[in-house]
Amino acid sequence: AVTGVQTCALPIFASAAATYDQARANAAAARSGLFPQINAGGVLSYNRQSLHRPLRSPDQPTFYGANTVGAAVGYEVDLWDQIHNQVVAGKAAAQASAADLAFIRLSLQAELANDYLLLRGLDAQAKLLENTVTAYRHALDVVQNRFRGLIASGVDVSRAQTELESARAQLDNIRGRRALAEHAIATLVSVPAPAFSLPRDPTEIRMPPLPRGIPSVLLQRRPDIAGAERLVAAANADIGVARAAFYPNITLNALGGFQSTALSIFNLPNSIWSLGPGLTLPIFRGGLLRAEEAAAVAQYNLAAANYRGTVLTAFQEVEDALAQLHWLGSELVDDQRAVAAAQRTLDMAMALFVDGASSYLEVAVAQE
């Protein structure tokens, strides 16, 4: 049942998948900065210049063509690891998004498992109440027969009838809750609720053995912890990006092509080229770079705090689950002993009532 969850059809999973795809695309966009950028273009135009254009010489034509075809290559020298940190941040963000996607899938699978176990538990309660209804109906027959024989009172008949109808009402309630659990499972497996049904399964669900070291294994496999750690790594890389903005930005540029006033431009005399580095150094930005660095550091502190909180919560949840398994196991043993004792009490109370040694009230108390 758990492996059959159709997560792709659920809106929450589809949204997480789209976010993951977006994060991967952003990481690819950041990685493109590590490579040279090549662009090609061309312009074909026919122009007319003013007769009174300033500094126009008499021999310049009024009408002329301006045709250019060329290519440009640019490469940013990553001296301060700005682009490298952008790539690291994008990759870490994509990994965090993948962990979020895995966490949602795991949460949906856990929800399906919980709903299935709830349904099986309701089936067990329904079986118990069906047996209870049968026992109460038998007890009512006994009381009615004794009432006809003037051995029991009408109060005993009313009390037995009350117990029977109360048990029937509880059985109806359990059946209604089972229908809701069945509908929830249908949604998780992407089947319309009216077309989905799960038959009763009388097989008893037993607790599987827990291997040693299970808490640490669970923590290592939890995608929410992995996602929180990747967000810390992304925020740390963003600090490097913000600090690199304080230093000069150096680019290597090359341009080459052909330019002419006529259409026949692809010949050596029409060739043009340009080659040289470019440098940009921030001088005054009004405190913008300091603010961006402070924001990156604050984001890192936030991600680190969230990561620590996620780990602490994970430790608590694992320990809570293990504690529940231990104490619920002990509770099960105690309940089984209580059931056996209560059954003996009921058998003795019914025997005393049939023999006329006690009232039906003692039987009702034992049945409860």
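All figures in this text were calculated on a predicted structure; none of them were measured in a lab.

How each quantity is defined
- Residues numbered from 1 in each chain as written.
- Predicted model: local features only at pLDDT ≥ 70, side-chain atom pairs only at ≥ 80, totals over all residues.
- Heavy atoms only, no water.
- Helix = DSSP H or I, 4+ residues; strand = E, 2+ residues; numbered from the N terminus.
- Rg over C-alpha atoms; globule rule 2.2 N^0.38 Å.
- Buried < 20%, exposed > 50% of the residue type's maximum accessible area, 1.4 Å probe, protein only.
- Contact = heavy atoms within 4.5 Å.
- Areas by Shrake-Rupley, 256 points an atom, 1.4 Å probe, with all protein chains shown as cover.
- Lys, Arg positive; Asp, Glu negative; His and termini not counted.
- Charge placed at Lys NZ, Arg CZ, Asp CG, Glu CD.
- Pairing = 2+ DSSP bridges.
- 1 Å grid on protein atoms, 1.4 Å probe; cavity = no way out; pocket = protein on both sides within 12 Å on 5 of 7 lines; lining within 4 Å.
- Points joined across faces, edges and corners; volume = space filled by probe spheres on them.
- Nonpolar A, V, L, I, M, F, W, Y, C, P; charged D, E, K, R; others polar.
- Salt bridge = Lys/Arg side-chain N within 4 Å of Asp/Glu carboxyl O.
- Core = buried A, V, L, I, M, F, W, Y, C linked by side-chain atoms within 4.5 Å.
- Axes fitted to C-alpha atoms, helices over the stretch in contact; angles between N-to-C directions.
- Parallel < 35°, antiparallel > 145°, perpendicular 65-115°, else oblique.
- Left-handed = near helix turned anticlockwise from the far one by under 90°.
- Polar contact = N/O pair within 3.5 Å; in protein donor to acceptor, adjacent residues only side chain to side chain.

Draft legend 1. Here's a closer look at the overall build of the protein chain. Looking only at helices and strands, the protein chain features 7 helices and 4 strands. Going from the N terminus to the C terminus, the protein chain shows its helices and strands as α-β-β-α-α-α-α-β-β-α-α. The C-alpha atoms of the protein chain give 39 Å as radius of gyration, which overshoots the globular expectation for 368 residues (21 Å, by more than 25%). C-alpha atoms of the protein chain, sized along the principal axes, occupy 140 × 45 × 35 Å. A total of 368 residues make up the protein chain; the buried ones form 26% of that total. Across the protein chain, contacts joining residues at least 24 apart in sequence account for 75% of those joining residues at least 6 apart. As presented, the protein chain carries roughly 23600 Å² of accessible surface, and 61% of it is formed by carbon and sulfur atoms. For the protein chain, the distance from the average site of its 29 positive side-chain charges to the average site of its 33 negative ones is 7 Å.

Draft legend 2. Quick look at the pairing of strand E4 (residues 271-280). For E4, a buried count of 1 out of 10 residues is recorded, marking the element as mostly open to its surroundings. Where strand E3 (residues 249-260) meets E4, 10 bridges bridge the pair, whose relative direction is antiparallel. Bridged to phenylalanine 258 within E4 is serine 271.

Draft legend 3. Inspection of the layout of surface pockets at higher detail. Of the volumes computed, that of the largest pocket is approximately 2400 Å³. As for the largest pocket, its lining consists of 50 residues, and the residues nearest its centre are Leu117, Ile205, Arg206, Met207 and Leu325. Within the residue set of the lining of the largest pocket, elements represented by two or more residues are helix H2 (82-148), helix H4 (214-221), helix H5 (223-244) and helix H6 (288-354). In terms of residue count, the dominant contributor to the lining of the largest pocket is H2 (19 residues). Class assignment of the residues belonging to the lining of the largest pocket gives a composition of 26 nonpolar, 10 polar and 14 charged.

Draft legend 4. Structural detail: the pattern of salt bridges. In this structure the tally under the stated criterion is 14 salt bridges. Note that glutamate 165 is salt-bridged to arginine 168, the shortest N-O span being 3.0 Å. Residue glutamate 165 and its partner arginine 168 are both found in helix H3 (residues 154-188); the two are separated by 3 residues, about one turn of the helix. Classification of glutamate 165 by relative accessible area gives partly exposed; the value is 35%. Looking at arginine 168, the relative accessible area reads 30%, which means it is partly exposed.

Draft legend 5. Main features of the nonpolar core. Residues Leu108, Val143, Phe353, Tyr360 and Val363 are the most contacted members of the largest nonpolar core, which totals 36 residues. Elements supplying a minimum of two residues to this core: helix H1 (11-31), H2, H3, H6 and helix H7 (360-367). Among the elements that take part in this core, H2 stands out by supplying 13 residues, more than any other.

Draft legend 6. Highlighting the packing of H5 against H6. Where H5 meets H6, the axes come as close as 8 Å, and the angle between the chain directions of the two elements is 165°. In terms of orientation, H5 lies roughly antiparallel with respect to H6. Here the hand of the crossing between H5 and H6 comes out left-handed. Together, Asp224, Ile225, Ala228, Glu229, Leu231, Val232, Ala235, Asn236, Asp238, Ile239, Ala242 and Arg243 of H5 and Glu292, Glu293, Ala296, Val297, Gln299, Tyr300, Ala303, Ala304, Tyr307, Thr310, Val311 and Ala314 of H6 make up the contact between the two elements. Residue composition of the contact of H5 with H6, by class: 15 nonpolar, 3 polar and 6 charged.

Draft legend 7. Focus on the packing of H3 against H7. Interhelical geometry of H3 versus H7 gives an angle of 15° and a closest axis separation of 10 Å. Considered as vectors, H3 and H7 are oriented roughly parallel to each other. Crossing of H3 over H7 shows left-handed handedness. On H7, the residues touching Asp156, Arg159, Ala160 and Glu163 of H3 are Tyr360, Leu361, Ala364 and Gln367. In terms of residue class, the contact of H3 with H7 is made up of 4 nonpolar, 1 polar and 3 charged.

Draft legend 8. Summary view of the side chain of serine 97. Within the secondary structure layout, serine 97 lies in helix H2. We classify serine 97 as buried; its relative accessible area is 7%. Within the structure, the side chain of serine 97 is placed 3.2 Å from the backbone nitrogen of tyrosine 20, a separation counted as a polar contact. The contacts of serine 97, once residues within four sequence positions are left out, are Thr19, Tyr20 and Ala23.

Draft legend 9. Fine view of the sheet that holds E4. Overall, antiparallel pairing links the 4 strands, which are arranged E1-E2-E3-E4 in an open sheet. What marks the edges here is a single partner per strand, and that holds for strand E1 (37-48) and E4. For this sheet, the mean inter-axis angle between neighbouring strands, taken without regard to orientation, is 20°. Bridging between strand E2 (residues 63-77) and E3 involves 11 bridges; their strand directions are antiparallel. Its bridge partner being in E3, valine 77 is matched across the sheet by isoleucine 250.

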